[in-house]
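# Observations on the model geometry
Spelled out, the chains give:
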Amino acid sequence: MTTNFILAPIIVHFITAIILLCFWKKVLAQKIISVIGNSIAFILCVKLFELTLTNDYLVLQTGNWKAPFGITFISDTLSAIMVLLTGIVSLAVGIYSTSALNVSRIRFGYFFTFHLLIMGLLGAFLTGDIFNLYVWFEVVIISSFILMTVGGKKMQMEGAIKYVTMNILASSIFLTAIGILYGITGSLNIADIALKIQEVENKGLVTVTSLLFFVGFGIKSAIFPLYFWLPSSYHTTPSAIAAIFGGLLTKMGVYAMIRVFTIIFVPDNFTTILFIVIAVLTMLTGALGTLNKKNIRRILSYLIVCHIGYLIAGVGLYTELAFTAIIFYLIHDVIVKSNMFMITGVIVKIRESVDMTRLGSLLKDYPKFSMLAALVFLSLVGIPPLSGFWPKILLLKESFVQGNYVLLLTLILASFVTLFVIIRMWIEIFWKESPKPLTEEMDHFAPMPKSGKFALIAPIVFLTVVSLFIGFGANSIFKISEKAAYELKHKEIYIDAVMKTNT
Amino acid sequence: MELLLVILVGVLYSSGIYMMLRRSMVKLLIGIILLGNGVNILIFLMSGITKGKAPIIPADQTGFMGAYADPIPQALILTAIVISFALTAFALVLLKKAYTLTGTDDLDSLNIQDLDI
Amino acid sequence: MKKRENNIRPKLDTIILKTATNYLLPLLIMFSLFVLIRGHYLSGGGFVGGLIASIAFVLHSFAYNTKRTISLFRFRPLYLIPMGLSLSLFSGLLPFLISKPFMTSIWFLDSVAVIGAFGSALLFDLGVYLVVIGVVLTIIFTISENV
């Protein structure tokens, strides 16, 4: 179905950003406008998801140019899932930021940049043009640079320089790959490239190009050996920003990788082995990195790296069931990781620290919040009825069926390390007695006004409910993931959708 | 001409990456700029260099006559230049800020976090 | 010590540049508008035009100082950005009225004196022009204030 509606969430975020620019330095107005914009965009994201599910896909040829010539926007099931997740997370984090962030940060255009970032993410998920994907990537990374560096302290600068350098390098590699791809196929439309690349005789060049894409997206999604910028930069940002980064930003790289390696390139034997090896190493390094850390945000950063490995492993297996598993995992991971970072933000508010050795006895002081956090922690581990369990078991099963025992062992090992680390975090933060005497001044949470507390806790409850729904309504999520995986494996659907709907 | 450009692209890429691997912040920035220019010339090169007219159909004709230049790479390069302009401006300010905070140009001195476990 | 600091930043205080700038500023802005409108069929357009216009202001700030240049504007150049962005977005949204895809070009009139054909593309370009001026001036003024 051809419709302008596909752009609606993007335009809403864009308009919100423009309006916010007119209210520069007016903190209260910024908060209100941002929450309204996020809510409208959220409703539109849900609507877009619904429309995509009923119509299989939505296509828009911007500027009324026919398919290979203009810029195409397409929403198939995978895009719609990502858009919905972005809508959910941006609403939650948007509300959370109104109370969690420093006023000075909001004055320096936090919300403006935030909406541009979300707009870039939505654009990247919806576009059907490889160069347009690059442009959206740039929108996202420039916004993320600003979010990361505003109010810079020394530690933040250090992480930011690594982050900026690696991301600029990744963009250059990505752009190089696009240039070569344009040289060999003469097209930029993803569907059109997919058709034309089959006729290219120089298969070696195609493989090299595909690996350039792999490296470019790999840096952005933090795979082994290109991940080191992530653990040294994500934990320096405030929790609201880390929630967006940890939940959505790295997943954008994975999304692009899934898209490119299903529609444009069909990995040969060498590439799939490379994927599996990289996935195994990513999981191992990420898991081992968590073990000796004391800062809970740093542990979470390494867990992000570790769990990116799961997703890459699914791409490496390259079967329909594996894709189902990783799309399911993606849905679970985006929600839970954002939630985890927001919880660390509340912990900082309560105890002024994210160092595990200095935390403790939260269960005694805040039993309700602790139970909420426990639910999220256990979802991340994947205790059976909760959301992490189903995709993990699917992925384990698929790697067993494929006879990939090294991968199977690594997956199990990584899951156990995750379990171990999460349990340790739980014991250290919530259970054990606080090592130092607690004073009233340390707790910045209790003296907050009711509305401030609500804005901090409501998003966490909201995301927890979503992740509970993923766990208990696993059947419907599985069906949607299965549909997305089916579309990925049968790329004719995508190509036909783009090429045949010329209005 | 094409061979010359190919060599130029190679030189820009290699010197750009070499500069990025140095320890100085300024050299890092120069490396980023060189790499960006290398990518732009690569895109320009990939479209194939043709001697022809600008790709605009004259008012009295309905289609292209003869050879014309491929407009897409130029549009891509323009976009990429704008983006790299923004990125460079940002990186410049960031590095200056980092310099005022740390008082050193040495990137190795920015490794405190990875030392602590 | 104080003397040295003064030596690091020599002031570009020449009467020639100041006098020339007084005439060059309007000329350059007019040229930038010319480039903007020319952009339909010939080389030019909003981006280049915006850069030329912002260079005119940068020249002015060289000749006098940044404060004087900012006082040329009634509002901060930052506010040019939302104006330009909304103008561009508006031109993209216009085709929604006739239920065509986003950013379809619409030509309003056959031709207007001086400007020539007038359509939504020109509106878009005008938006880009304003955004470029706003962004460049904001960046340059911010950097020059901090140096």
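Please read all numbers here as calculations on a predicted model, not as lab measurements.

### With respect to the pattern of salt bridges
All names here are of chain A.
- As enumerated under the stated definition, the model contains 11 salt bridges over all chains in all.
- A salt bridge links R259 to D76, with the nearest nitrogen and oxygen atoms 2.8 Å apart. Of the two residues, R259 sits in helix α11 (residues 239–264) while D76 sits in the loop between β2 (72–75) and α3 (77–100), which places them 183 residues apart along the sequence.
- Since its relative accessible area comes to 3%, R259 is described here as buried.
- A salt bridge links K251 to D333; the shortest N-O distance between them is 3.1 Å. Of this pair, K251 sits in helix α11 while D333 sits in helix α14 (residues 320–351); the two residues are 82 residues apart in sequence, bridging distant segments of the chain.
- With a relative accessible area of 0%, K251 lands in the buried category.
- The exposure class assigned to D333 is buried, which follows from its relative accessible area of 1%.
- The network of salt bridges with common partners includes D56, K483 and E487.

### Overview of the UniProt feature "transmembrane region" (unreviewed entry) in chain C
Residues and elements named next belong to chain C.
- Following the UniProt record, the feature "transmembrane region" (unreviewed entry) maps to residues 21–41, 47–66, 78–98 and 118–143 here.
- Secondary structure content for residues 21–41 is 86% helix and 0% strand, and the end C-alpha separation is 31 Å.
- In this annotation, residues 118–143 is assigned 92% helix and 8% strand; the end-to-end C-alpha distance for the span is 37 Å.

### Observations regarding the interface of chain A and chain B
- Tallying the contact residues gives 37 residues for chain A and 36 residues for chain B.
- Summing both partners gives a buried area of about 3,200 Å² for chain A against chain B, and 75% of it is carried by carbon and sulfur.
- When the area that chain A buries against chain B is broken down by residue, the three leading residues are E158(A), I161(A) and Y182(A), summing to 20%.
- Inspection of the region where chain A meets chain B yields 0 salt bridges.
- On the surface where chain A and chain B come into contact, there are 2 residue pairs in polar contact (both at pLDDT 80 or more).
- When contributions to the side of chain A that touches chain B are tallied by element, the ones reaching two or more residues are α6 (130–149) and α7 (154–185) of chain A.
- In terms of residues, the side of chain A that touches chain B owes the most to one element, α7(A), which gives 19 residues.
- Its residues assigned to classes, the side of chain A that touches chain B comprises 17 nonpolar, 12 polar and 8 charged.

### Considerations on a nonpolar patch on the surface
Residues and elements named next belong to chain A.
- On the surface, L28, I32, I36 and I40 cluster together into a nonpolar patch covering about 380 Å² of accessible area.
- Within the secondary structure layout, I36 lies in helix α2 (residues 27–55).
- Looking at I36, the relative accessible area reads 47%, which means it is partly exposed.

### Comments concerning the packing of aromatic side chains
- Counted under the stated rule, the structure contains 36 aromatic pairs over all chains.
- Between F137(A) and F217(A) the ring centres are 5.7 Å apart and the planes differ by 35 degrees, which places this aromatic pair in the tilted class. Pair noted here: F137(A) is in helix α6 and F217(A) is in helix α9 (residues 203–221), with a separation of 80 residues, a long-range link.
- Judged by its relative accessible area of 0%, F137(A) is buried.
- The exposure class of F217(A) is buried, given its relative accessible area of 0%.
- Pairwise contacts between aromatic rings join F131(A), Y134(A), F137(A), F174(A), F213(A), F214(A), F217(A), F261(A), F265(A) and F275(A) into one cluster.
- Over the ring of F445(A) we find K453(A), and its NZ or CZ is 5.7 Å from the ring centre.
- Sitting over the face of the ring of Y64(C), R68(C) holds its NZ or CZ atom 4.3 Å from the ring centroid.

### Things to note about the pairing of strand β1 (residues 58–61) of chain A
Residues and elements named next belong to chain A.
- The side-chain alternation of β1 yields two buried faces, one formed by L58 and L60 and the other by V59 and Q61.
- Judged from the 4 bridges that link them, β1 and β2 form a sheet pairing that is antiparallel. By the bridge assignment for β2, L60 is matched with F73.

### Here we look at the side chain of T209(A)
Residues and elements named next belong to chain A.
- Within the element layout of this structure, T209 appears in helix α9.
- By relative accessible area, T209 is classed as buried at 0%.
- Beyond its immediate sequence surroundings of up to four residues, T209 is in contact with A177, I180, L181, I184 and F265.

### As for α9(A)
All names here are of chain A.
- Taking 1.5 Å of rise per residue, 19 residues should cover 27 Å, and α9 covers 26 Å from first to last C-alpha, within 8% of that figure.
- All buried positions along α9 are accounted for by V206, T209, S210, F213, F214, G216, F217, G218, I219, K220 and S221.
- Of the residues trailing α9, A222 is marked for its positive phi of about 60 degrees.

### A few points about α7(A)
- If you check α7(A), its first and last C-alpha atoms are 46 Å apart, about what 32 residues at 1.5 Å a residue would give, namely 46 Å.
- Within α7(A), 28 of the 32 residues are buried, which leaves the element mostly enclosed by the surrounding structure.

### Quick look at the environment of I343(A)
Residue and element names in this part refer to chain A.
- One can find I343 in helix α14.
- Take I343: its relative accessible area is 1%, and that puts it in the buried class.
- Sequence separation between I343 and L230 is 113 residues, and the spatial gap between their C-alpha atoms is 19 Å.

### Thoughts on the nonpolar core
- Of all hydrophobic cores here, the largest spans 233 residues; its most connected members are I130(A), F213(A) and M425(A).
- No other element matches the 19 residues that α14(A) contributes to this core.
- Once you skip the residues sitting within four places of it in the chain, M425(A) turns out to touch I296(A), I299(A), M340(A), M356(A), F377(A) and F430(A).
- Among the nonpolar cores identified, the runner-up in size contains 13 residues, and A53(C), V58(C), L80(C) and F141(C) belong to it.

Quick notes on the rules
Residues numbered from 1 in each chain as written. Chains lettered and ligands numbered in written order. Predicted model: local features only at pLDDT ≥ 70, side-chain atom pairs only at ≥ 80, totals over all residues. Heavy atoms only, no water. Salt bridge = Lys/Arg side-chain N within 4 Å of Asp/Glu carboxyl O. Helix = DSSP H or I, 4+ residues; strand = E, 2+ residues; numbered from the N terminus. Buried < 20%, exposed > 50% of the residue type's maximum accessible area, 1.4 Å probe, protein only. UniProt positions renumbered as here; feature names shortened; annotations may be inferred. Contact = heavy atoms within 4.5 Å. Buried area = accessible area lost by both parts, 1.4 Å probe. Polar contact = N/O pair within 3.5 Å; in protein donor to acceptor, adjacent residues only side chain to side chain. Nonpolar A, V, L, I, M, F, W, Y, C, P; charged D, E, K, R; others polar. Patch = residues over 30% accessible without salt bridge, like charges linked within 9 Å, V, L, I, M, F, W, Y side chains within 5 Å. Areas by Shrake-Rupley, 256 points an atom, 1.4 Å probe, with all protein chains shown as cover. Phe/Tyr/Trp six-rings, centres within 6.5 Å; stacked < 30°, edge-to-face > 60°. Lys NZ or Arg CZ within 6 Å of the ring centre and 35° of its normal. Pairing = 2+ DSSP bridges. Expected span 1.5 Å × (residues − 1). Core = buried A, V, L, I, M, F, W, Y, C linked by side-chain atoms within 4.5 Å.

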